[in-house]
Amino acid sequence: MGKIVLRLDRMMVERHISLNELAEKVGISNVNLSKINNNKVTAMRFATLAAICEVLDCQVGDIIEFQKNE
């Protein structure tokens, strides 16, 4: 079975936004955003995902990727 990989770090670099700034604008703690950024989560609320996409002005597919097992 494949896995979902979050590419939030890539979008943050492209948008020139820090983890702390994004966390503040999204309305979640730095710790929780760091877990998302480091792929240490197994679930995420759609509201959080929508807020991240709104702040970064991106689509869900820009930060979420499916990787097949080889």
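Cut-offs and rules
- Residues numbered from 1 in each chain as written.
- Predicted model: local features only at pLDDT ≥ 70, side-chain atom pairs only at ≥ 80, totals over all residues.
- Heavy atoms only, no water.
- Helix = DSSP H or I, 4+ residues; strand = E, 2+ residues; numbered from the N terminus.
- Rg over C-alpha atoms; globule rule 2.2 N^0.38 Å.
- Buried < 20%, exposed > 50% of the residue type's maximum accessible area, 1.4 Å probe, protein only.
- Areas by Shrake-Rupley, 256 points an atom, 1.4 Å probe, with all protein chains shown as cover.
- Lys, Arg positive; Asp, Glu negative; His and termini not counted.
- Charge placed at Lys NZ, Arg CZ, Asp CG, Glu CD.
- Core = buried A, V, L, I, M, F, W, Y, C linked by side-chain atoms within 4.5 Å.
- Contact = heavy atoms within 4.5 Å.

## Section: the overall build of the chain
Then step 1. Of regular secondary structure, the chain possesses 5 helices and 2 strands.
Then step 2. Reading the chain from its N terminus to its C terminus gives the helix and strand order β-α-α-α-α-α-β.
Then step 3. Taken over the C-alpha trace, the chain has a radius of gyration of 12 Å; the compact-globule value for 70 residues is 11 Å, and the two agree within 12%.
Then step 4. Projected onto the principal axes, the alpha-carbon positions of the chain cover approximately 35 × 20 × 20 Å.
Then step 5. Going through the 70 residues of the chain one by one, you find that 27% of them count as buried.
Then step 6. Carbon and sulfur atoms make up 50% of the accessible area of the chain, which amounts to about 5000 Å² in all.
Then step 7. Each charge class in the chain can be summarised by its mean position, and for the 9 positive and 9 negative side chains these summaries are 8 Å apart.

## Topic: the nonpolar core
Then step 1. L8, L22, L33, I52, L56 and I63 are the most contacted members of the largest nonpolar core, which has 16 residues in total.
Then step 2. Considering every element that reaches this core, the biggest residue donor is helix α4 (residues 46-56), with 4 residues.
Then step 3. Beyond its immediate sequence surroundings of up to four residues, I63 is in contact with V5, L6, R7, L8, M11, L49, I52, C53 and C58.

## A few points about unusual backbone geometry
Then step 1. In this structure, H16 takes a positive phi of about 55° despite not being glycine.
Then step 2. With respect to the secondary-structure elements, H16 resides in the loop between α1 (8-14) and α2 (19-26).
Then step 3. Since its relative accessible area comes to 72%, H16 is described here as exposed.
Then step 4. Residue D57 is not a glycine yet carries a positive backbone phi of 50°.
Then step 5. Relative to the helices and strands, D57 resides in the loop between α4 and α5 (60-63).

Taken by themselves, the reported measurements are silent on function.
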